[in-house]
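# Coordinate analysis (summary)
Chain by chain, the residues run as shown.
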Amino acid sequence: MKRRIKDIRLAYADGSGAVWDFPGIEPAFRTGNRFVRVDPDELIELPYGSVLFSLPKRHPVFYNPRNNDFNHIEVSPDGDEIAAVSAFPASAYLRTYLPAFIRRDDAPVLPLWAYTGVIVMDGGFRIPALRIDDDVRSDPALHENDAELEKGIATLTDAYPENGLVKQLEKCSTVYRCLCARNFFRGRFEAPIPTTPACNAACAGCLSFQKSDASFAASQDRLDFNPSVREISAVILHHLTTADNAVASFGQGCEGEPLLRARDLAAAISLVRETTDSGTINLNTNGSLPEGIKALIRAGLDSVRISLNSPTREYYDRYYRPLGYRFDDVLHSIDAALSAGIFVSINLFFLPGFTDMETEVEELVRFLQRFPVSMIQTRNLNIDPDFYFDRIGFRESEPIGVLNLVKLLKKEFPAMRLGYYNPPVKEKK
Ligand code: SF4
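Residues numbered from 1 in each chain as written. Predicted model: local features only at pLDDT ≥ 70, side-chain atom pairs only at ≥ 80, totals over all residues. Heavy atoms only, no water.

### Side note on the overall build of the protein chain
Along the backbone of the protein chain there are 11 helices and 21 strands. Taken over the C-alpha trace, the protein chain has a radius of gyration of 22 Å; the compact-globule value for 429 residues is 22 Å, and the two agree within 12%. Along the first, second and third principal axes, the C-alpha atoms of the protein chain reach 70 × 50 × 50 Å. Of all 429 residues assigned to the protein chain, the portion counted as buried reaches 56%. Of the contacts made within the protein chain by residues no fewer than 6 positions apart, 77% connect residues no fewer than 24 positions apart. Total accessible area on the protein chain stands at roughly 18000 Å², and carbon and sulfur atoms take up 50% of it. Side chains of the protein chain carry 49 positive and 57 negative charges; the gap between the two charge centres is 3 Å. (Helix = DSSP H or I, 4+ residues; strand = E, 2+ residues; numbered from the N terminus. Rg over C-alpha atoms; globule rule 2.2 N^0.38 Å. Buried < 20%, exposed > 50% of the residue type's maximum accessible area, 1.4 Å probe, protein only. Contact = heavy atoms within 4.5 Å. Areas by Shrake-Rupley, 256 points an atom, 1.4 Å probe, with all protein chains shown as cover. Lys, Arg positive; Asp, Glu negative; His and termini not counted. Charge placed at Lys NZ, Arg CZ, Asp CG, Glu CD.)

### Structural notes on the domain arrangement of the protein chain
Along its sequence, the protein chain is carved into domain 1 (8-131) and domain 2 (190-419). Summarising the inter-unit geometry, the C-alpha centres of domain 1 and domain 2 are found 30 Å apart. Buried surface at the junction of domain 1 and domain 2, both sides included, amounts to about 2300 Å², of which 59% is carbon and sulfur. Counting every contact that joins domain 1 to domain 2 gives five salt bridges. The interface formed by domain 1 and domain 2 holds 14 residue pairs in polar contact (both at pLDDT 80 or more) in total. Listed by contribution, the elements that provide at least two residues to the side of domain 1 that touches domain 2 are strand S3 (26-31), strand S10 (93-95) and strand S12 (101-103). Ranked by residues supplied to the side of domain 1 that touches domain 2, first place goes to S10 with three residues. Of the residues contributing to the side of domain 1 that touches domain 2, the split by class is 16 nonpolar, four polar and six charged. (Domains from an automatic or database assignment. Buried area = accessible area lost by both parts, 1.4 Å probe. Salt bridge = Lys/Arg side-chain N within 4 Å of Asp/Glu carboxyl O. Polar contact = N/O pair within 3.5 Å; in protein donor to acceptor, adjacent residues only side chain to side chain. Nonpolar A, V, L, I, M, F, W, Y, C, P; charged D, E, K, R; others polar.)

### Here's the deal with the environment of Val-109
Mapped onto the elements, Val-109 comes out in the loop between S12 and strand S13 (119-121). Since its relative accessible area comes to 28%, Val-109 is described here as partly exposed. The spatial distance from the C-alpha of Val-109 to the C-alpha of Phe-387 is 6.8 Å, given a sequence separation of 278 residues. Apart from residues no more than four positions distant in its own chain, Val-109 is found in contact with Arg-58, Ser-215, Phe-216, Asp-384 and Phe-387.

### Some thoughts on unusual backbone geometry
With a phi close to 55°, Lys-57 is a non-glycine residue in the positive phi region. With respect to the element layout, Lys-57 can be found in the loop between strand S6 (51-55) and strand S7 (58-64). Of note in this structure, Arg-321 is not a glycine but carries a positive phi near 45°. For Arg-321, the position within the fold is in the loop between helix H7 (313-320) and helix H8 (327-340). When its relative accessible area of 35% is taken as the criterion, Arg-321 is described as partly exposed.

### Quick notes on the sheet that holds strand S16 (residues 247-250)
Ordered by their spatial adjacency, seven strands build an open sheet running S15-S16-S17-S18-S19-S20-S21, and the pairing between neighbours is parallel. Of all the strands in the sheet, just strand S15 (190-193) and strand S21 (417-419) have a single pairing partner and so form its edges. Pairs of neighbouring strands in the sheet enclose a mean axial angle of 25°, with direction left out of account. Summarising the sheet, strand S20 (residues 375-380) and S21 pair through three bridges and their orientation is parallel. Each bridged residue has a counterpart across the sheet, and for Gln-377 the counterpart in S21 is Gly-419. Against the sheet, H8 engages strand S18 (303-308) and strand S19 (343-350), with an angle of about 155° to S18. (Pairing = 2+ DSSP bridges. Axes fitted to C-alpha atoms, helices over the stretch in contact; angles between N-to-C directions.)

### Topic: the pattern of salt bridges
In total, this model carries 25 salt bridges according to the counting rule given. The residue Asp-386 makes a salt bridge to Arg-103 at a minimum N-O spacing of 3.6 Å. Here the residue Asp-386 occupies a position in helix H10 (residues 385-392), and Arg-103 occupies one in strand S12, the gap between them amounting to 283 residues. By relative accessible area, Arg-103 is classed as partly exposed at 45%. Across the salt bridge formed by Asp-328 and Arg-326, the nearest N and O atoms sit 3.3 Å from each other. The class for Asp-328 is partly exposed, based on a relative accessible area of 21%. Through salt bridges with shared partners, a single network forms among Lys-57, Glu-81, Arg-104 and Asp-106.

### Some words on the site of the ligand
Looking at the ligand, the residues that line it are Cys-199, Ala-201, Cys-203, Cys-206, Arg-222, Glu-255, Gly-256 and Asn-286. Class assignment of the residues belonging to the shell around the ligand gives a composition of four nonpolar, two polar and two charged. (Near = heavy atom within 4 Å.)

### Describing the nonpolar core
Tyr-319 and Ile-334 are the most contacted members of the largest nonpolar core, which totals 91 residues. No fewer than three residues from each of domain 1 (8-131) and domain 2 (190-419) sit in this core. (Core = buried A, V, L, I, M, F, W, Y, C linked by side-chain atoms within 4.5 Å.)

### Brief notes about the packing of aromatic side chains
The geometry of an aromatic ring pair is captured by two quantities: the separation of the ring centres and the angle between the planes. Summed over the entire model, instances satisfying the criterion amount to 22 aromatic pairs. Here Tyr-319 and Tyr-388 contribute two aromatic rings whose centre-to-centre distance is 5.7 Å and whose plane-to-plane angle is 70°, an arrangement assigned as edge-to-face. With Tyr-319 in helix H7 and Tyr-388 in helix H10, this residue pair connects regions lying 69 residues apart in the sequence. Ring pairs connect the aromatic residues Tyr-315, Tyr-316, Tyr-319, Tyr-320, Phe-327, Phe-349, Phe-354, Tyr-388, Phe-389 and Phe-394, which therefore count as one cluster. Lying across the ring of Tyr-420, Arg-379 places its NZ or CZ 4.5 Å from the centre. (Phe/Tyr/Trp six-rings, centres within 6.5 Å; stacked < 30°, edge-to-face > 60°. Lys NZ or Arg CZ within 6 Å of the ring centre and 35° of its normal.)

### Thoughts on the environment of Glu-363
Turning to its location among the elements, Glu-363 is positioned in helix H9 (residues 358-370). In this structure, the C-alpha to C-alpha distance between Glu-363 and Phe-413, residues 50 residues apart in sequence, is 14 Å. Apart from residues no more than four positions distant in its own chain, Glu-363 is found in contact with Pro-311 and Thr-312.

Structure, rendered in structure tokens:
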């Protein structure tokens, strides 16, 4: 049934952070630096495990049919000051619009989350998003059995009492509630293999390191030690020989750049492959060191995921702030991996109104024609959109819409997968 505009309501937060609907006001969304009207057909129910945020010193924007324009509202029907609200979707959902708000001059920069529009409809919350990957590995409902997790942690910490990496993953699975680390202890799906404290980039939205004078904190602490080759290979070997369709991935949110330890990681892969050919060994990386990638592939790496905020050099440089490498090195790494015939993914950070604007879409199509990768992992960029646009020197062009971009990629590159997770590329136990 086609939903009507009058069925949707603006959501706002009161001073306590409680979220309400504002009767008789038509909500709006944002894309780039523009406000747009909400299309009820582009909405989905707020996925289980998603979170709502009240956005400090930001007032919600609504569509005003009287002046056919967008205005903001600062007070509730009772006259109390209100704030805009954002959703943070559960994993595997790609958002298509940002929340619409007006910032006050004294508004703080927002912390690292993927801010998504949210409205109220039929007494429930709806968001502009689509499920882009059916894989259930990070579905919140699968990660609520802490008793099973504790059992898994006890078993593996007993089995590997001296392994510092197992201890790190215990912290990741409990303190940071990292779903990959929880899957390691549950013996399923993808296990994280963080190995490298250092990094050769300074991404504006780095999840594991932000300078002390930064506008917001990192989401988790950066790994503070270098696991040994033996510790690394033991964890990989355990996971690949116990989990079905197992994936073990270097390059996690709690570490720097794994290619800086390419020689050690190659040695660890070789040790594992001496014992088993099972499962997929994957590398998540910024792709800065092509020779490092080649060494890992020679050792037996099965797949690589290279992260990009943009296929456009200047936007890349302003976001990643490379230290000692260039955008061309990243392109050489993609080339090397494609030439070696392994599974190559681009981890493309999506931000509505930027990733789907005409100039970026044209650049992305050219990029994919030159680099026919196996998959794009369409990842929501976790960052304050205004901070990001300011940092990259955003030059806006006409947005085509994230949904249309997904359709275009499927049409123009039918052999390329779209998803959210590193797939097992070797499907046998
Ligand atoms: S490449 Fe990764 S670890 Fe390095 S700064 Fe960027 S996000 Fe952080």
